[in-house]
Amino acid sequence: MPANPESAGPSATLPPRAKLAVTAGKVAAAVSRTAGRGSGSVIGGKIALRLDPDLLRALAQNLDVVLVSATNGKTTTTRLIAEALKAAGPVVSNALGANMPAGITSALAGGSDARFAVIEVDEKYLAGVARDTDPKAIALLNLSRDQLDRSSETRMLAEKWREGLEGSEAVIIANADDPLVTWAASSCRRVVWVAAGQAYREDAWSCPSCGGVMQRPGEDWFCPSCGFRRPQPHWALQGDHVVDPQGSAWPIRLQLPGRANLSNATSSAAVAAVFGVHPQIALQRMESVEAVAGRYESVTVAGREVRLLLAKNPAGWLETFTLIDQPPAPVVLSVNALSADGTDTSWLWDVDYERLVGHPVFVMGQRKLDLAVRLEVAGVHFQVVDSLAQAVAAAPPGRIEAIANYTAFQQLRRDVRG
């Protein structure tokens, strides 16, 4: 059931210690912003949690909480769900993507009038955040290899989800097309299955239940060894429509590009329905989203249009390659390997860069030489550059597609802002 609409939000009934922690966190965040060290959400949350380790639980107690976790698409899906739920009441969300406990705590501390909290959660922290926030719904979108130096192997991560969410009272909205997600969600009591698709399948050929070889005829999948198989979906993406459990089809008219975002919208509509928001209303509200934390944004650099695209791992790069303009559109690739990206760049060899043959490609970033070696093996013509400005100056006519991993993407955004 939805939270009491008369509730004054998460801060109204906080005990004195929690109120002090919230105030201290906000002061720390403000100092960080003034010093030019970013939004301050992480340091603010860390200070607040240091003063009151139970603050996240206290902030969430009067909210209807939705958690969103995945390897790819969780920031965008969080934004789409938040827009949909605004039809039912005020929403607080960690819109900037600070998705570990400190960032989540900062976000909830700022939602004094909120009825709903829509929270993106890093995959490793999902079970713990779920325990602290008592969510009404949890959206599980996908699992694939990412940040190999800090994240568990995908099956281990699915097992952590499965064990951590077992017995949860939350409604689990899970992607039935991803065997790892399906296995993780199968331990839960209330699951809404969504046929949202799975473009990248390289982590889903062995059965997460028994280790056998998965059979994948068409969109279906099953394990002949143990019988684990794709569940019957309640919701489905069909073309550019969402099909609800009653069989009604609702059009998706997003400004965001690509099939991946149609999938995100389908899962978001299923989440919104848990809270009584009709699919038609939910999808109409999602139409207002033009960009998410800079993703898909088009900017002008030296008189040229540059579209900024984020791709953090092999699955993300695969989806991004489906969005870019056809050859000979120029493409800029930027890769870093800082702690926020993962320092292991071996994943570059899992990306199908052969798809870029025919594009003039410009390579930059901290690990540009690693990427250059990979492109040379793929037979892609490229030029190594030191900056986006240098790439723009050398690029032939046409919109420039700039694809970058996490910290490289943030650097591109800073560069275009001057």
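Fair warning: this is a prediction, and the values are worked out from it, not measured in the lab.

J.: Now, about the confidence of the model for the protein: what can you tell me, with residues and values included?
T.: For the protein, per-residue confidence averages 92 on the pLDDT scale, and 95% of positions sit at 70 or higher. Confidence over residues 1-8 falls short of pLDDT 50; this stretch has 11 contacts with residues more than four positions distant or in other chains.

J.: So what's going on with helix 12 (residues 368-378)? Which residues, and what values?
T.: Among the residues making up helix 12, those that are buried are Lys-368, Leu-371, Ala-372, Arg-374, Leu-375 and Ala-378. When helix 12 is viewed along its axis, its buried side chains cluster within an angular range of 165 degrees and face the same direction. More than 90 degrees from the buried face of helix 12, the exposed residues found are Leu-369, Glu-376 and Val-377. Packing partners of the buried residues in helix 12 comprise strand 12 (331-334), strand 13 (361-364) and strand 14 (382-384).

J.: How would you sum up the nonpolar core? Please name residues and give values.
T.: Note on soluble globular proteins: their nonpolar side chains tend to be buried together. Of all hydrophobic cores here, the largest spans 48 residues; its most connected members are Leu-67, Leu-108, Leu-126, Ile-138, Leu-140 and Ile-172. Excluding residues within four positions of it along the chain, Ile-138 makes contact with Leu-67, Leu-126, Ala-130, Leu-165, Ser-168, Ala-170, Val-171, Ile-172 and Ile-173. Of all hydrophobic cores here, the second largest spans 38 residues; its members include Leu-80, Ile-173, Val-192 and Leu-256.

J.: Any chance you could break down the side chain of Thr-407 for me, citing the residues and the numbers?
T.: Assignment of secondary structure puts Thr-407 in helix 14 (residues 406-417). Discounting residues that sit within four places of it in the chain, Thr-407 has contacts with Asn-336, Leu-338, Ala-340 and Asp-341.

J.: Explain the pairing of strand 4 (residues 137-140) to me, using residue names and the numbers behind them.
T.: By the alternation rule, side chains of strand 4 split into Ala-137 and Ala-139 and Ile-138 and Leu-140, which are all buried. Of the pairings in the sheet, the one linking strand 1 (residues 64-69) to strand 4 comprises 4 bridges and is parallel in character. When the bridges of strand 4 are listed, Leu-67 appears paired with Ile-138. One ladder, built from 4 bridges, connects strand 4 with strand 5 (residues 171-175); its direction is parallel. Bridged to Ile-138 within strand 5 is Ile-172.

J.: So what's going on with the sheet that holds strand 5? Which residues, and what values?
T.: A sheet is described by the order of its strands in space; here 9 strands give the open sequence 2-3-1-4-5-6-7-8-9, paired in mixed fashion. Looking at which strands have only one partner, the edges of the open sheet turn out to be strand 2 (91-93) and strand 9 (249-251). Adjacent strand axes in the sheet meet at a mean angle of 20 degrees, parallel and antiparallel pairs treated alike. Most of the contacts of helix 9 (residues 259-274) go to strand 7 (residues 235-238), to which it runs at about 155 degrees, and overall it touches strand 1, strand 4, strand 5, strand 6 (190-195), strand 7 and strand 8 (241-243).

J.: Can you lay out the sheet that holds strand 11 (residues 304-310) for me, pointing to particular residues and giving the numbers?
T.: One key point about sheets: their strands pair by backbone hydrogen bonds, in either a parallel or an antiparallel sense. Pairing is mixed across the open sheet formed by 6 strands, whose spatial order is 10-11-15-12-13-14. The open sheet has two edge strands with one neighbour each: strand 10 (298-301) and strand 14. Neighbour-to-neighbour, the strand axes of this sheet turn through a mean angle of 25 degrees, independent of strand direction. Pairing of strand 12 with strand 13, which is carried by 4 bridges, proceeds in the parallel orientation. Bridging from a neighbouring strand, Leu-333 pairs with Val-363 of strand 13. Contacting strand 11, strand 12 and strand 15 (400-404), helix 11 (residues 314-321) runs over the sheet at an angle of about 170 degrees to strand 15. Sitting on the sheet, helix 14 is in contact with strand 10, strand 11, strand 12, strand 13 and strand 15, with an inclination near 155 degrees to strand 11.

J.: Explain the packing of helix 4 (residues 74-85) against helix 10 (residues 279-286) to me, using residue names and the numbers behind them.
T.: Closest axis-to-axis distance for the helix 4/helix 10 pair is 8 Å, and the angle between their directions is 120 degrees. Classified by the angle their axes make, helix 4 and helix 10 are oblique. The way helix 4 lies across helix 10 gives a crossing that is right-handed. From helix 4, Leu-80, Glu-83 and Ala-84 reach across to helix 10, where they touch Ala-282, Arg-285 and Met-286. Within the contact of helix 4 with helix 10, the residues separate by chemical class into 4 nonpolar, no polar and 2 charged.

Cut-offs used in this document
Residues numbered from 1 in each chain as written. Predicted model: local features only at pLDDT ≥ 70, side-chain atom pairs only at ≥ 80, totals over all residues. Heavy atoms only, no water. pLDDT = per-residue confidence, 0-100. Contact = heavy atoms within 4.5 Å. Buried < 20%, exposed > 50% of the residue type's maximum accessible area, 1.4 Å probe, protein only. Helix = DSSP H or I, 4+ residues; strand = E, 2+ residues; numbered from the N terminus. Arc of directions from axis to C-beta. Core = buried A, V, L, I, M, F, W, Y, C linked by side-chain atoms within 4.5 Å. Pairing = 2+ DSSP bridges. Axes fitted to C-alpha atoms, helices over the stretch in contact; angles between N-to-C directions. Parallel < 35°, antiparallel > 145°, perpendicular 65-115°, else oblique. Left-handed = near helix turned anticlockwise from the far one by under 90°. Nonpolar A, V, L, I, M, F, W, Y, C, P; charged D, E, K, R; others polar.

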